[in-house]
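# Topology and contacts: notes
Read off the chains here:
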Amino acid sequence: MRTPFVAANWKMHKTVQEAIDYARNFVPLVASVSDVDIVLAPPFLALPALVEATEGSRVGVAAQNVSAEPNGAFTGEVSVGMLGAAGVTQVIIGHSERRQLYGETDAGVNAKTRAAIDAGLTPIVCVGETLDEREADRTFDVLDRQVGEGLAGLTPEQVAALVVAYEPVWAIGTGRVATPDQADTVHRHIREQLTSQFGDAAASGCRVIYGGSVKPANAMELMALADVDGALVGGASLDPASFAAIVTASRPSTT
Ligand code: 13P
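The sections below set out a description of the structure shown in this document. (Residues numbered from 1 in each chain as written. Predicted model: local features only at pLDDT ≥ 70, side-chain atom pairs only at ≥ 80, totals over all residues. Heavy atoms only, no water.)

### Section: the pattern of salt bridges
Here the structure, examined in full by the defined rule, presents 15 salt bridges. When the shortest N-O distance is used, the salt bridge between Arg-58 and Asp-37 registers 3.5 Å. Of this pair, Arg-58 sits in the loop between α2 (47-53) and β3 (59-63) while Asp-37 sits in strand β2 (residues 37-41), placing them 21 residues apart in sequence. The class for Arg-58 is partly exposed, based on a relative accessible area of 41%. For the salt bridge of Arg-98 with Glu-104, the shortest nitrogen-to-oxygen distance reads 3.2 Å. Classification of Arg-98 by relative accessible area gives partly exposed; the value is 23%. Several salt bridges converge on common partners, so that one network encompasses Arg-2, Arg-191, Asp-227 and Asp-229. (Salt bridge = Lys/Arg side-chain N within 4 Å of Asp/Glu carboxyl O. Helix = DSSP H or I, 4+ residues; strand = E, 2+ residues; numbered from the N terminus. Buried < 20%, exposed > 50% of the residue type's maximum accessible area, 1.4 Å probe, protein only.)

Encoded structure:
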């Protein structure tokens, strides 16, 4: 039985004060939820304040990106060591916006994933096809490459402990959510790929979560799918009540 994993990706939204205000509202709303791993990923600047504001709760804090380098002359970058020292426990790696807008490659995702694991952070590795790739019937090829190269060289134990986020690019911020059938097919495929690359134990431990226009209204039917282990939520996570409703819909007792 995998514990559901539900993460809020705020992207480039919220000041430090807005992050603190959010936590004050949100933490009580999920105080009774002990069967879902809950994570908030604010912009870098708000990480320390959010770590402090969520202290003593089960809500974890993730970064939205990280450098693969330990330190050095890399202007604008933040290292895994800096995140760990700030109390951050997870990090989103290879989000499609980073791949599309900032040229991130599968090799880069792999380097960041290894660096995160070595530093004791849990990677949330994002994969997903574009609309063109889906329409050209290349979805599985793209995912096999992203999973295969992104996780290359990891041990089965490392894979069992990380999170893969399937985010079809055409569903991100568009209101066009994958149907349960589409999500089910892809999540099962990713699980099979993990099995063939890393074995049964790794594949059955790894949480594979869905992202792309997840809302309180559609969360429950997605979370009910056997191979969907949670959600990575953008727009609908910016409001505490809306994100709390998605967390609640992801509880094993509900799905
Ligand atoms: P939306 O929920 O706004 O579609 O964003 C999804 C996403 O990219 C989360 O990482």
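Further notes follow.
### Some points on the sheet that holds strand β7 (residues 207-211)
The strand order around the closed barrel formed by 8 strands is β1-β2-β3-β4-β5-β6-β7-β8, and the pairing between neighbours is parallel. Neighbour-to-neighbour, the strand axes of the sheet open up by a mean angle of 25 degrees, direction not taken into account. The pairing of strand β5 (residues 122-127) with strand β6 (residues 163-166) spans 4 bridges and is classified as parallel. Of the residues in β6, the one forming a bridge with Ile-124 is Val-163. (Pairing = 2+ DSSP bridges. Axes fitted to C-alpha atoms, helices over the stretch in contact; angles between N-to-C directions.)

Keep in mind that these numbers describe shape and distance, not what the molecule does.
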